[in-house]
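# Report on the structure
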Amino acid sequence: MLEETESGSYLVYKDNKLVSENYFQEHEKSSITNSFSMAKTITTLLLQKSIQDGYIKSWDEKVINWLPWLQGEFVNELTLRHLSTMTAGLNWRENYFAPLGITARAYYSEDVEGVMRSVIVESKPGSKWEYQSGATQLLGLILMKALQTPPTGLKVFPQISDYASEKLWMPLGMENDAQWSLDHKDGRELTFCCLNASSRDFGKLGLLVLNNGKWNRENIIDSSFLSLASQPWKFINYGHSFWVSPATEIPFYYFQGLKGQYIVIIPSKNMVIVRTGNGVKRKDKEYVFTCLRKYVSEGIRLFGN
């Protein structure tokens, strides 16, 4: 199945050790590959870190306090938590095949904030779950503003990438430099997608989460937040930017990208599985999860003991 689904890599970690490492299609351990929407989870982790560092007060802070240009009947009710849990109520229709759709415009635009200024809060936040890349892009714009104009005494970070480097890449001892796609040179990160990194470094992000936010005895991400984030919120399969497995024999939760990128955390087995690739054969949504379940079940079968 790894070959059939055009995989680039398949890594398995057990008890914090890399126990299996496989590459396909000329990929190797230093290859940099796109995260696609796994970046949504990374953005949420960075925003949680910024709360811990004092740049942002809490997940329940109003979005309008940070983005006063945002419009809509329910704009005053929208919080950062709504953005992370995909309960924002935006007039954003997620579509990866419409060349003139909002998702494509955000992806290809040289002014992603300009695209986001056309988005409104059309329904009551928190009332329903709807997957919207625009929600995470708004979260990224807030994070960038917080880092560039911090409270007195806190360090200024020109880019989210600079913050990610200091707060994640350096403490975790990542093996390779990462690249975050921008809307233009020296512009804004596309936080709903497009963090390019190596599979081993994606694996370290999974290990950080598996170990409740600790790395080499340093508390990097608050464990209570990770416990909350990995539980369903308004949708049974989604928490705070983490996907949550359906009722399965062995529960797991995961980062997920459009082309079948996964960082899977399996707490009961003390395991992390990373799968990257160029795509999956998207017969239907159920087939996509069938692929993921196979990646997980085979990893557990081979290395879970």
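Structure shown above.
All residue numbers refer to positions counted from 1 along the written sequence of the respective chain. The predicted nature of this model means local features are confined to residues of pLDDT at least 70 and side-chain atom pairs, given and counted, to a pLDDT of 80 or more, with totals for whole chains, interfaces and linings taken over all residues. Water and hydrogen atoms were dropped before computing side-chain values, which therefore reflect all heavy atoms in the structure.

Now for the overall build of the protein chain. Within the protein chain, the regular secondary structure consists of 9 helices and 11 strands. Principal axes of the C-alpha set define a box for the protein chain whose edges measure 50 × 45 × 35 Å. Here, two residues are considered to be in contact whenever any of their heavy atoms come within 4.5 Å of each other. Residue pairs at least 24 apart in sequence account for 64% of intrachain contacts in the protein chain once pairs closer than 6 positions are excluded. Using the Shrake-Rupley algorithm and a 1.4 Å probe, accessible areas are obtained, with residue cover drawn only from the displayed protein chains. Accessible surface computed for the protein chain: about 13,500 Å², of which carbon and sulfur atoms make up 49%. Asp and Glu count as negative and Lys and Arg as positive, but His and the ends of the chain are not part of the count. To locate a charge, take NZ of a lysine, CZ of an arginine, CG of an aspartate or CD of a glutamate. Separation between the mean location of the 33 positive side-chain charges and that of the 32 negative ones in the protein chain comes to 4 Å. Only DSSP runs of H or I covering at least 4 residues are called helices, and only runs of E covering at least 2 are called strands; the numbering of each starts at the N terminus.

A few words now on the pairing of strand β1 (residues 7-14). A 1.4 Å probe rolled over the protein chains alone gives each residue an accessible area, and that area as a share of the maximum for its type sets the label: buried under 20%, exposed over 50%, partly exposed in between. Counting buried positions along β1 gives 8 out of 8 residues, so the element sits mostly inside the fold. When DSSP finds two or more bridges between two strands, those strands count as paired. For β1 and strand β11 (residues 271-277), the ladder comprises 7 bridges, and the chain directions are antiparallel. Paired with L11 across the two strands is V274, which belongs to β11. The pairing of β1 with strand β2 (residues 17-23) spans 6 bridges and is classified as antiparallel. Opposite S9, over in β2, you have Y23 as the bridge partner. Connecting β1 to the next strand, β2, in antiparallel fashion are 2 residues, including D15 with a positive phi near 55 degrees.

Right, let's get into the sheet that holds strand β3 (residues 33-34). Pairing in this open sheet of 3 strands is antiparallel, and the strands run β3-β5-β4 from one edge to the other. At either end of the open sheet lies a strand with only one pairing partner, and these are β3 and β4 (179-180). Inspection of the sheet shows β3 paired to strand β5 (residues 195-197) by 2 bridges, in the antiparallel sense. Across the sheet, residue N34 finds its bridge partner in β5, namely N196.

Glancing now at the pattern of salt bridges. One side-chain nitrogen of Lys or Arg within 4 Å of one carboxyl oxygen of Asp or Glu is enough to make a salt bridge. Scanning all chains against the criterion turns up 13 salt bridges. With its nearest N and O atoms 2.7 Å apart, the salt bridge here joins E21 to R200. In this pair, E21 is assigned in strand β2 and R200 in helix α7 (residues 199-210), connecting sequence segments 179 residues apart. Its salt-bridge partner being R188, residue E113 comes within 3.2 Å of it at the nearest N-O pair. Of the two residues, E113 sits in helix α4 (residues 112-116) while R188 sits in the loop between β4 and β5, which places them 75 residues apart along the sequence. We classify E113 as buried; its relative accessible area is 16%. Each of the salt bridges in this network shares a partner with another, and the network as a whole consists of D53, K155, E166 and K167.

Here helix α1 (residues 38-53) crosses helix α6 (residues 160-169) at 75 degrees, and the two axes come no closer than 11 Å. Relative to α6, the element α1 lies roughly perpendicular. Contacts from I42, L46, K49, S50 and D53 of α1 reach α6 at I160, Y163, A164, K167 and L168. All residues other than Ala, Val, Leu, Ile, Met, Phe, Trp, Tyr, Cys, Pro, Asp, Glu, Lys and Arg, Gly among them, are scored as polar; the first ten of these are nonpolar and the last four charged. In terms of residue class, the contact of α1 with α6 is made up of 6 nonpolar, 1 polar and 3 charged. To obtain each axis, a line is fitted to C-alpha atoms, and for helices this fit is confined to the stretch in contact; angles are then taken between N-to-C directions over 0 to 180 degrees. To sort the angles, those under 35 degrees are grouped as roughly parallel, those over 145 as roughly antiparallel, those from 65 to 115 as roughly perpendicular, and the leftovers as oblique.

Attention now goes to the environment of L80. Mapped onto the secondary structure, L80 falls in helix α2 (residues 80-84). Taking the C-alpha atoms as reference points, L80 and Y238, 158 residues apart in sequence, are found 16 Å from one another. Apart from the residues lying within four places of it in its own chain, the contact partners of L80 are L47, I56, S58, W59, E61, K62, V63, W66, L139 and I142.

So, about the packing of aromatic side chains. Each aromatic ring pair is summarised here by two numbers: the centre-to-centre distance and the angle between the ring planes. Stacked, edge-to-face and tilted are the three classes for Phe, Tyr and Trp ring pairs, Trp counted by its six-membered ring, which pair at centre distances within 6.5 Å; planes under 30 degrees apart are stacked, over 60 edge-to-face, the rest tilted. Scanning all chains against the criterion turns up 17 aromatic pairs. Note on Y55 and Y163: the rings are 5.8 Å apart at their centroids and 75 degrees apart in plane angle, and the pair reads as edge-to-face. With Y55 in the loop between α1 and α2 and Y163 in helix α6, the pair connects residues that are 108 residues apart, well separated along the chain. Here Y55 and Y163 have matching classes, each one buried. Measuring from centroid to centroid gives 4.2 Å for W129 and F235, while their planes differ by 25 degrees, and the two rings are stacked. Of this pair, W129 sits in the loop between α4 and α5 (133-148) while F235 is found in the loop between α8 (223-229) and β8 (243-244), placing the two residues 106 residues apart along the sequence. Members of the aromatic cluster, each reached through a chain of ring pairs, are W129, Y131, F235, Y238 and W243.

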